[in-house]
Amino acid sequence: MARTAVSGRLSWLVATVKEARDETATARTLALDVPGWPGHLAGQHVTAKLTAEDGYAAQRDYSIASAPEPDRFEVTVQRLADGEVSPYLTGVAAPGDQLEVRGPIGGWFAWQPADPRPLLLLAGGSGIVPLMSMIRTRDQAGSQVPVRLIYSARTPADVIYQSELSERVRVSPLTVSYLYTRTARRPPPEPRDTQDTGPQASGTAGPGGGRILRRYGDRLDAAALAEVAFSPRQKPAIFVCGPSGFVESAADLLVAAGHLPGAIKTERFGPS
Amino acid sequence: MNVISRGFGGRKRDGDVELPPGQYLEHGFPVLQAGPTPPVNTATWSFTITTETGDSTRWDWRQFTALPAQDITTDIHCVTQWSKLGTRWRGVSLDTLLDGIETNAGYAMARSYGGYTTNVPLPDLRDGKAWVAYEYDGKPLRPEHGGPARLLVPHLYFWKSAKWVTGLDLMLRDRHGFWEQLGYHDYGDPWREQRYQGD
């Protein structure tokens with residue numbers, strides 16, 4: 001069982017890249033072998049340290065994408081145009097390469113499989129990563145809680161984990177609502193898993209009870225939230241992760257819709 | 001342990017700026033918080049210092065902003081590895097707020113609207129090291145950055161600079177605040193890289 005919080009001395013562990021796979025044009029998943037890694041809670045993150053030949057070192061925090069297991073985990077890294085570490089992790093690092101990691105870190109933005117509450121997840125961009133760990137952990141642990149994910153991305157091509165999410169919607173009570181903020185119209189050739197339900201939104205139900213909705217040219221607003229979110233009476237556990245502006249407006253919308261501030265856990269990245 | 005990441009050069013963009021270990025230079029102003037931004041209205045805002053004997057001293061917004069204020073230019077260091085240099089604030093020194101308050105306490109718990117807490121040794125709040133700040137970069141402090149007023153303790157990692165602060169409880173014995181209960185360091189000196197307990 002992973003610990004619920006950082007405890008004792010957190011030491012640096014050697015991580016070896018086992019596999020690298022591109023998720024989008026700018027996001028890559030690295031599967032790391034980390035002997036001694038204790039496992040983690042879904043939602044936690046890790047500090048990665050890269051050291052150059054001349055001893056110069058840089059550290060950054062990354063959310064863990066995988067479900068917990070000992071001695072390995074996966075991170076998905078979004079390349080930042082002006083980044084120092086992310087271009088290396090998304091472009092250079094290859095199987096066999098090594099870095100150091102320390103963690104898991106963060107016991108607050110974390111979901112426990114024993115949590116009986118419905119799970120409401122709101123992702124902005126690569127904020128999907130720790131939420132994907134929750135979705136994977138839920139399935140791995142055999143939890144039966146229904147999950148609803150609102151995922152705001154610039155365009156369909158920016159969506160990380162698209163095919164895996166479609167498959168999980170097909171087999172489990174997972175509903176995914178995509179908001180494409182910079183794609184104004186639905187493209188003519190429709191993905192196979194979609195059917196029309198209106199001018200803006202489209203969706204389909206799978207045997208697991210899940211469905212996929214798509215909204216084009218929309219930012220998260222009260223209507224997009226109400227279409228998918230559990231009601232406050234259902235007392236969902238709520239996790240919001242993304243750029244600061246997305247998290248700020250999502251959290252405000254949730255509170256305005258009647259959700260208790262204490263039930264809303266947030267994680268932000270990037271400057272505001 | 002000396003692991004070299006093959007092909008990693010780093011940008012060394014920080015030049016000859018001296019940063020605490022493990023930090024990188026950030027030019028934006030990232031936001032770190034655990035939940036929604038609480039609505040805080042200056043009409044009902046108050047700041048209260050409560051001593052270990054239960055004596056309390058309270059300021060409302062008008063009284064607080066009438067206190068002598070200072071302009072502060074300082075570097076700030078977040079535990080999530082970013083540092084921002086030369087940030088400009090305006091606020092009331094804790095020396096001013098603690099002046100005349102009798103206490104034998106060695107520690108303080110900062111309390112915020114929304115329920116956040118963080119513990120700081122009381123000497124770290126004295127002698128020109130800490131403020132309750134209400135302006136950033138010449139403008140009223142924005143809610144996502146802790147407005148209307150936040151604690152500013154720039155020599156410690158920035159989670160100690162509690163946003164939306166509404167009071168200090170002075171304590172004879174140290175207790176853990178919000179992040180400290182979750183494994184973050186009790187003191188949090190960036191220059192000694194005290195991020196997590198045991199560091």
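Novice: Sorry if this is basic, but what is going on with the overall build of chain B here?
Specialist: Tallying secondary structure elements over chain B gives 3 helices and 11 strands in all. For 199 residues, the compact-globule estimate of 2.2 N^0.38 gives 16 Å, and chain B sits close to it at 17 Å. In chain B, buried positions account for 39% of the 199 residues.

Novice: Honestly, the domain arrangement of chain A in this entry has me stumped. Any pointers?
Specialist: Often, the extent of an interface is quoted as the loss of accessible area on bringing the components together. Residue and element names in this part refer to chain A. Each assigned domain of chain A is listed here: domain 1 (13-105) and domain 2 (119-269). Taking the mean C-alpha position of each, domain 1 and domain 2 sit 25 Å from one another. On the side of domain 2, 15 residues touch domain 1, which itself brings 14 residues to the contact. Its residues placed into classes, the side of domain 1 that touches domain 2 shows 7 nonpolar, 6 polar and 1 charged.

Novice: Mind showing me how you'd approach the sheet that holds strand 6 (residues 107-112) of chain B here?
Specialist: The pairing of strands in a sheet happens through backbone hydrogen bonds and is either parallel or antiparallel. Residue and element names in this part refer to chain B. Pairing is mixed across the open sheet formed by 5 strands, whose spatial order is 3-2-11-6-7. Each end of this open sheet is capped by a strand with a single partner; those strands are strand 3 (56-60) and strand 7 (117-121). Strand-to-strand twist in this sheet, taken as the mean axis angle between neighbours without regard to direction, amounts to 15°.

Novice: Can you help me understand the sheet that holds strand 5 (residues 72-78) of chain A in this one?
Specialist: Residues and elements named next belong to chain A. Pairing within the open sheet is antiparallel, and its 6 strands lie in the order 4-3-6-1-2-5. Strands at the two margins of the open sheet, each flanked by one partner only, are strand 4 (57-63) and strand 5. Sheet twist, expressed as the average angle between the axes of neighbouring strands with direction ignored, equals 40°. Here 7 bridges tie strand 2 (residues 27-33) to strand 5, and the two strands are oriented antiparallel to one another. Bridged to Leu30 within strand 5 is Val75.

Novice: I'm lost on the confidence of the model for chain B in this one. Help?
Specialist: Any region with low pLDDT has predicted coordinates that should not be read closely. Averaged over chain B, the pLDDT score is 94; the fraction of residues at 70 or greater is 97%. Scored as a complex, the prediction yields pTM 0.91 and ipTM 0.89.

Rules used in this analysis
- Residues numbered from 1 in each chain as written.
- Chains lettered and ligands numbered in written order.
- Predicted model: local features only at pLDDT ≥ 70, side-chain atom pairs only at ≥ 80, totals over all residues.
- Helix = DSSP H or I, 4+ residues; strand = E, 2+ residues; numbered from the N terminus.
- Rg over C-alpha atoms; globule rule 2.2 N^0.38 Å.
- Buried ≥ 20, exposed ≤ 12 C-beta atoms within 10 Å, placed from the backbone.
- Domains from an automatic or database assignment.
- Contact = placed C-beta atoms within 7 Å.
- Nonpolar A, V, L, I, M, F, W, Y, C, P; charged D, E, K, R; others polar.
- Pairing = 2+ DSSP bridges.
- Axes fitted to C-alpha atoms, helices over the stretch in contact; angles between N-to-C directions.
- pLDDT = per-residue confidence, 0-100.

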